[in-house]
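The chain contents come next:
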Amino acid sequence: MAHGTTDIASPAESGLFPPLTAATLITAILGGIAADLVWEIWARGITPFLVGGPLQPAALVQGVFGFSNWALAELIHAVVGIVAYPLGYLFIARPLQRTIVPGLPWWLTALGYGIGLWIFALYIMAHLFAGQPPFLGFIALTWASLAGHLLFALTLGAVVVSRRA
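Every chain is numbered on its own, with residues counted from 1 as its sequence reads. It should be noted that, the model being predicted, local features are given only for residues of pLDDT at least 70 and side-chain atom pairs only at 80 or more, the latter also being counted only at that level, while totals for whole chains, interfaces and linings use all residues. Where side-chain values are given, they derive from all heavy atoms of the structure, hydrogens and water being excluded.

Trainee: Break down the layout of surface pockets for me, with residues and values.
Mentor: Think of a 1 Å grid over just the protein atoms. A cavity is a set of points where a 1.4 Å probe fits yet cannot get out, a pocket is an open set with protein on both sides within 12 Å along at least five of seven lines, and lining residues have an atom within 4 Å of a point. Grid points are joined across faces, edges and corners, and a volume is the space filled by probe spheres set on the points. Taken as a whole, the largest pocket encloses approximately 510 Å³ of empty space. What lines the largest pocket is a set of 25 residues, among which Q56, P57, L60, V61 and L122 lie closest to the centre. We count a stretch as a helix when DSSP gives it H or I for four or more residues in a row; a strand needs E for two or more, and each element gets its number in order from the N terminus. When contributions to the lining of the largest pocket are tallied by element, the ones reaching two or more residues are α2 (57-65), α3 (70-100), α4 (106-129) and α5 (140-164). Here the lining of the largest pocket gets seven residues from one element, more than from any other, and that element is α2. Asp, Glu, Lys and Arg are counted as charged, while Ala, Val, Leu, Ile, Met, Phe, Trp, Tyr, Cys and Pro are counted as nonpolar; the rest, among them Gly, fall into the polar class. Taken together, the residues that form the lining of the largest pocket break down as 19 nonpolar, six polar and no charged.

In structure tokens:
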């Protein structure tokens, strides 16, 4: 599928959801790895120059689950980014988009998903579960997090589109 084309289901995806095949799982994991790498470059490599410090999702994971093991928190965040979020994109975001606005370009679907991930991270997890102010009080790190989630989702969407082509 070309860069700006609409997100119409491929012949292999004649139903609402992608097929439950090894190829779908491979697409999800490859997309998750690529997206997580982009996220990490943004979060730890670029964000510190923009806002004075890195995005540290492991700290959020620690706050949500109430433990102090940094390595475990990093692992949890990595698994969520590499497996859970890509599956959410394939089995929730794209089917919803194809049902509600079937002609929407793939990259708009991805941006919408990125905004959803950001809301999930900074309102549901950080605020409702970890007790932080909603969206961390809309500090500079909040906006860096939004950009990171948008980059994550765009990368994931691009991998999905390229694997379907």
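Trainee: Could you give an account of the packing of aromatic side chains, with specific residues and numbers?
Mentor: Ring pairs are drawn from Phe, Tyr and Trp, using the six-membered ring of Trp, whenever the two centres fall within 6.5 Å, and their geometry is named by plane angle: stacked under 30 degrees, edge-to-face over 60, tilted for the rest. The full count for this structure, using the stated rule, is nine aromatic pairs. A centroid spacing of 6.0 Å and a plane angle of 85 degrees characterise the contact between Y85 and F152, whose relative ring orientation is edge-to-face. Here F152 lies in helix α5 and Y85 lies in helix α3, a separation of 67 residues in the sequence. Assessed through its relative accessible area of 3%, F152 is described here as buried. Through successive ring pairs, a cluster of aromatic residues spans W118, Y123, F135, F138 and W143. Throughout, exposure labels follow a simple rule: accessible area from a 1.4 Å probe, protein chains only, divided by the maximum for the residue type, with under 20% read as buried, over 50% as exposed, and the rest as partly exposed.

Trainee: Report on the nonpolar core, specifying residues and quantitative values.
Mentor: In these notes, a set of buried Ala, Val, Leu, Ile, Met, Phe, Trp, Tyr and Cys residues joined through side-chain atoms within 4.5 Å is what counts as a nonpolar core. Among the nonpolar cores identified, the biggest contains 20 residues, and L55, Y89, Y113, F152 and L156 are the most heavily contacted of them. At the level of elements, α1 (22-51), α3, α4 and α5 are the ones that each hand at least two residues to this core. It is α5 that provides the largest number of residues to this core, a total of six residues. Contacts between residues were defined by any pair of non-hydrogen atoms, one from each residue, lying within 4.5 Å. Ignoring anything within four residues of it in the chain, the contact list for F152 reads G32, A35, D36, W39, G81, Y85 and L117. Grouped together as the second largest cluster of nonpolar side chains are five residues, L122, A126, F135 and L146 included.

Trainee: Help me get a handle on the environment of V159, residues and values and all.
Mentor: Structurally, V159 can be placed in helix α5. The class of V159 is buried, set by a relative accessible area of 15%. In this structure, the C-alpha to C-alpha distance between V159 and G66, residues 93 residues apart in sequence, is 34 Å. Among all residues touching V159, those that are not within four sequence positions of it are T27, L30, G31 and A34.

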